[in-house]
Structure formats: C-alpha cells, structure tokens
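Structure assessment
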Amino acid sequence: MNPRTHRRTLLRAGFAALPLAAVTPAAHAAERSGKLTAAQVSSWTDAYLEAWRTKNDTAAVRLFTPDAVYEAVPGVPAQTFRGREAIGRYWRDITAGQSDMTGRHGTPVVTGNRAAVELWVTLRAPAINPDGDHWVTFLESNILLFTPDGRCRRNTEYWNLQMGRLQPPQGWGTA
C-alpha cells in the first residue's frame, strides 16, 4: 500500500488528525535517525564534566532545558533543583570549594530518550575531607532524560563518595 492510499484509508477510518509524516516510510526512517545515541550522550557528558572542571555554571545550565529538574539526591526536596536559575545556583555553591577536578565517564546506555552514564570524578574538597590530603572520589551514575534538541530535561544522580584519590578498576565504564 502506498502512503497516499494508506492516508486515505486512515482518513476514512476517522484519523484525520494523524499527520501524513506519521505514516510514511520516510518518517519512520527519520524517526530512527533522530533517536538519542550513545555518542550524543558522551558529547553531552564531556561538556558536563568540562563545566564541572572549570566551575562554569553558565556552561552547565546551557546543557539543561529551562524547566529542567536536577536531583542531586533523589527524593530530598532540598537537593532537587528546578529550572536553570536553581541549577546554576547549585553549581556555583557546590563547586566553589572544589579544585583539581578530573573526571571521566563510561559508555552510556541509551534507551529511547533516556540514558544512564557512569562518572568517575576525583577532586580536592577540604570542606568534605578536612583531614588528610583533601582528595575525594565520586563514583556516580546519572540517569538522564533528553529532549530532541539534545538538552537534558532531568538529571538524577546516584553517587557514592570515597575519601582519597581512587582509580577506577580495570574494565570500569565499559558497556
């Protein structure tokens, strides 16, 4: 059945509101090519880590939609930030006492417009580790929800903080 005949059949069946693009083979191909990819998530995560490393809250908030939700600690209202202004304020506050940050990410796992990505971040944080050498390591997984334009609409962090500058184990972050 060609797309025109299919469209007429849908119209007769009462689906007049269904756009032609939704039923054509080309639309299905475009939809497939527009899907979120691991490469796109890797690029987004590289920018996220660079914003963290440079303490650039302006660059960080550009990665998010204007109405984004950022859950630094899921389920804790005081650690849930809504909108770019709140996310920027959180980033300024949380990165202020940090230095010497290095970060890497694992291979993202993508399904639809959602992604999960592991982060391994080390940094100096005297406020967190007042004793010793001040190094801390964040072992973090982020669950991300993306919009079609590549910005994040929701970031939910799950992390574990370890004192010291730890290296990831062999095979860490591979899919």
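One can find the structure itself at the top, above this paragraph.
Below is a short write-up of the structure. All of these numbers come straight from a predicted model, not from anything done at the bench. (Residues numbered from 1 in each chain as written. Predicted model: local features only at pLDDT ≥ 70, side-chain atom pairs only at ≥ 80, totals over all residues. Heavy atoms only, no water.)

1. A closer look at the pattern of salt bridges
Enumeration over the complete set of coordinates arrives at 6 salt bridges. Arg89 serves as the salt-bridge partner of Glu85, at 3.5 Å between the closest nitrogen and oxygen. Taken as a pair, Glu85 and Arg89 lie in helix H5 (residues 84-95) at a separation of 4 residues, close to a single helical turn. Judged by its relative accessible area of 40%, Arg89 falls in the partly exposed class. (Salt bridge = Lys/Arg side-chain N within 4 Å of Asp/Glu carboxyl O. Helix = DSSP H or I, 4+ residues; strand = E, 2+ residues; numbered from the N terminus. Buried < 20%, exposed > 50% of the residue type's maximum accessible area, 1.4 Å probe, protein only.)

2. Section: the side chain of Thr137
Within the element layout of this structure, Thr137 appears in strand S6 (residues 135-146). Among the residues examined, Thr137 registers a relative accessible area of 0% and is labelled buried. Looking at Thr137, its side chain comes within polar contact range of the main-chain oxygen of Gly164, at 2.7 Å. Polar contacts involving the side chain of Thr137 include one to the main-chain amide nitrogen of Leu166, which spans 2.9 Å. (Polar contact = N/O pair within 3.5 Å; in protein donor to acceptor, adjacent residues only side chain to side chain.)

3. Quick look at the pairing of strand S5 (residues 114-124)
Strand direction decides the pairing type here: strand S3 (residues 99-105) and S5, joined by 5 bridges, are antiparallel. Considered in S5, the bridge of Gly103 is made with Val121. Two strands pair when backbone bridges link them, and strand S4 (residues 109-111) and S5 are joined in this way by 3 bridges, in the antiparallel orientation. Bridge pairing links Val109 to Ala116 in S5. Between S4 and S5, which pair antiparallel in sequence order, lie 2 residues; one of them, Gly112, sits at a positive phi of approximately 60°. When S5 meets S6, the two strands line up antiparallel, connected through 11 bridges. Each bridged residue has a counterpart across the sheet, and for Leu123 the counterpart in S6 is Val136. (Pairing = 2+ DSSP bridges.)

4. Observations concerning unusual backbone geometry
Backbone geometry places Lys55, a non-glycine residue, at a positive phi of 55°. The residue Lys55 is located in the loop between helix H3 (38-53) and helix H4 (57-62) in this model. Here the phi dihedral of Asp100 falls at roughly 55°; this positive angle occurs in a residue that is not glycine.

5. Digging into the nonpolar core
Counting 32 residues, the largest nonpolar core has Tyr48, Trp52, Phe64, Tyr70 and Trp91 as the members making the most contacts within it. For this core, the secondary structure elements donating two or more residues are H3, H4, strand S1 (64-71), H5, S5 and S6. Take this core: its biggest share by element is 6 residues, from H3. (Core = buried A, V, L, I, M, F, W, Y, C linked by side-chain atoms within 4.5 Å.)

6. A look at the packing of aromatic side chains
Taken as a whole and assessed by the stated rule, the structure comprises 11 aromatic pairs. Each ring, one from Trp44 and one from Tyr48, has its centre 5.2 Å from the other, and the planes form 20°; the classification is stacked. Placement of both Trp44 and Tyr48 in helix H3 is noted, with a separation of 4 residues, approximately one turn of the helix. By the burial criterion, Trp44 is buried, and Tyr48 matches it. (Phe/Tyr/Trp six-rings, centres within 6.5 Å; stacked < 30°, edge-to-face > 60°.)

7. Description of the pairing of S6
Of the pairings in the sheet, the one linking S6 to strand S7 (residues 152-163) comprises 11 bridges and is antiparallel in character. The residue bridging Val136 from the neighbouring strand is Met163, located in S7.

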